[in-house]
Amino acid sequence: MTQSPRPEAHSVSRELEGWLQSDGEKTLGSLVELFEEKSFAILFVILLGVPALPLPTGGATHVFEIIAVLLAVQLIAGRDHIWLPERWRRLELAGPRQRRFIAGLMKMIRRLERFSRPRLRFLFDHRLSNIVFGLLVIAGCAGAFLAPPFTGLDTLPALGVVLLSLGVLLEDFLLVVLGVAVGIAGVFLEIVLGKAAVKGIGSLF
């Protein structure tokens, strides 16, 4: 991610809403073309936004998490432009089945934007900060991916990535810290509950 104009505070939801209401395809590829160099963080918000919502997905969002990891690797490698296989670029993001998730995501973003403001802006949009950003996204995606289906335990790691990405978009370091804390809490909860489940199963034999 090279130096580029950032969206003004409280504008991310309006940009996404404008894209959703515009004519044309609502695919992963069209979102990349619209947001260009801001696409990494925007796509992390969209892709991890679905598992971040407290709604059962039954593991259906794993493909989103895999795509997010691929994007994070490109971010770490220093790519300025996102590359995706054509099949993934055609992935529909705003079809009838996704409307419920998108509406919930937009509501959450609007709430956060009311309280967010630029903090420690000099820390953002550097080679090192982009590498750290990519590594944290991969960690959050791994936490969400490894959560047992139908348990809802993928919510916190995914939410951590969403908050982290919004913090990068809004250049709000406090929001970044909050995202990291939520992600860590989610992974910790997975470990604790996983150990408890294994112990419970073991006691039956």
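Before any of the text, the structure's been laid out above.
These remarks concern the structure in this document. Everything quoted here is computed from the prediction, not taken from an experiment.

Here the focus is the overall build of the chain. Within the chain one finds nine helices and zero strands. Reading the chain from its N terminus to its C terminus gives the helix and strand order α-α-α-α-α-α-α-α-α. Looking at the chain as a whole, 46% of its 205 residues qualify as buried. For the chain, restricting intrachain contacts to residue pairs at least 6 apart in sequence, the fraction spanning at least 24 positions comes to 75%. About 10,700 Å² of surface is accessible on the chain, with carbon and sulfur atoms providing 66% of the total.

The next point concerns the pattern of salt bridges. Where side chains of opposite charge bring their charged atoms close, a pairing between them can arise. Applying the stated criterion to the full structure yields three salt bridges. Between aspartate 172 and arginine 119 there is a salt bridge, with its nearest N and O atoms 2.6 Å apart. Linking aspartate 172 in the loop between helix 8 (155–170) and helix 9 (173–202) with arginine 119 in the loop between helix 6 (99–115) and helix 7 (127–146), this pair joins segments that are 53 residues apart in sequence. A relative accessible area of 2% places aspartate 172 in the buried class. A salt bridge links glutamate 171 to arginine 121, with the shortest nitrogen-to-oxygen separation between them at 2.5 Å. Here the residue glutamate 171 occupies a position in the loop between helix 8 and helix 9, and arginine 121 occupies one in the loop between helix 6 and helix 7, the gap between them amounting to 50 residues. According to the relative accessible area criterion, glutamate 171 is buried, its value standing at 8%.

For the pair helix 3 (residues 39–52) and helix 4 (residues 62–76), the least separation of the axes is 9 Å and the interaxial angle reads 155°. It follows that helix 3 is roughly antiparallel to helix 4 by the angle criterion. With respect to the hand of their crossing, helix 3 and helix 4 are arranged in left-handed fashion. Of helix 4, the residues touching helix 3 (which contributes Phe40, Leu43, Phe44, Leu47, Leu48, Val50 and Pro51) are Phe64, Glu65, Ile67, Ala68, Leu71, Ala72, Gln74 and Leu75. Tallied by class, the residues present in the contact of helix 3 with helix 4 amount to 13 nonpolar, one polar and one charged.

Of all hydrophobic cores here, the largest spans 53 residues; its most connected members are Leu16, Leu31, Phe44, Leu47 and Leu71. Secondary-structure elements contributing two or more residues to this core are helix 1 (12–21), helix 2 (28–35), helix 3, helix 4, helix 6, helix 7, helix 8 and helix 9. Ranked by the residues each element gives to this core, the list is headed by helix 3, at eleven residues. If sequence neighbours within four positions are ignored, phenylalanine 44 has contacts with Gly49, Ala68, Leu71, Ala72, Leu75, Phe133, Val137, Val161, Val162 and Ser165.

On the surface, a cluster of nonpolar side chains totalling about 440 Å² of accessible area is made up of Leu120, Phe122, Leu123, Phe173 and Val177. Within the element layout of this structure, valine 177 appears in helix 9. A relative accessible area of 41% places valine 177 in the partly exposed class.

So, about the environment of glutamate 17. Relative to the helices and strands, glutamate 17 resides in helix 1. Given a relative accessible area of 28%, glutamate 17 falls into the partly exposed group. Ignoring any residue separated from it by four or fewer positions in sequence, one finds glutamate 17 in contact with Met106 and Arg110.

All told, the structure shown has one aromatic pair when counted by the stated rule. Summarising the aromatic geometry, the rings of phenylalanine 44 and phenylalanine 133 are spaced 5.5 Å apart at their centres and angled 90° between planes, so their arrangement reads as edge-to-face. A residue pair is termed long-range when its members are at least 10 positions apart, and phenylalanine 44 in helix 3 and phenylalanine 133 in helix 7 qualify at 89 residues. According to the relative accessible area criterion, phenylalanine 133 is buried, its value standing at 4%.

Of all the positions in helix 1, only Val12, Ser13, Leu16, Trp19 and Leu20 are classed as buried. Down the axis of helix 1, the buried side of the element spans an arc of 125°, and every buried residue falls inside it. Of the residues in helix 1, the exposed ones pointing more than 90 degrees away from the buried face are Arg14 and Gln21.

Thresholds applied
Residues numbered from 1 in each chain as written. Predicted model: local features only at pLDDT ≥ 70, side-chain atom pairs only at ≥ 80, totals over all residues. Heavy atoms only, no water. Helix = DSSP H or I, 4+ residues; strand = E, 2+ residues; numbered from the N terminus. Buried < 20%, exposed > 50% of the residue type's maximum accessible area, 1.4 Å probe, protein only. Contact = heavy atoms within 4.5 Å. Areas by Shrake-Rupley, 256 points an atom, 1.4 Å probe, with all protein chains shown as cover. Salt bridge = Lys/Arg side-chain N within 4 Å of Asp/Glu carboxyl O. Axes fitted to C-alpha atoms, helices over the stretch in contact; angles between N-to-C directions. Parallel < 35°, antiparallel > 145°, perpendicular 65-115°, else oblique. Left-handed = near helix turned anticlockwise from the far one by under 90°. Nonpolar A, V, L, I, M, F, W, Y, C, P; charged D, E, K, R; others polar. Core = buried A, V, L, I, M, F, W, Y, C linked by side-chain atoms within 4.5 Å. Patch = residues over 30% accessible without salt bridge, like charges linked within 9 Å, V, L, I, M, F, W, Y side chains within 5 Å. Phe/Tyr/Trp six-rings, centres within 6.5 Å; stacked < 30°, edge-to-face > 60°. Arc of directions from axis to C-beta.

Just geometry here; none of it tells us what the structure is for.
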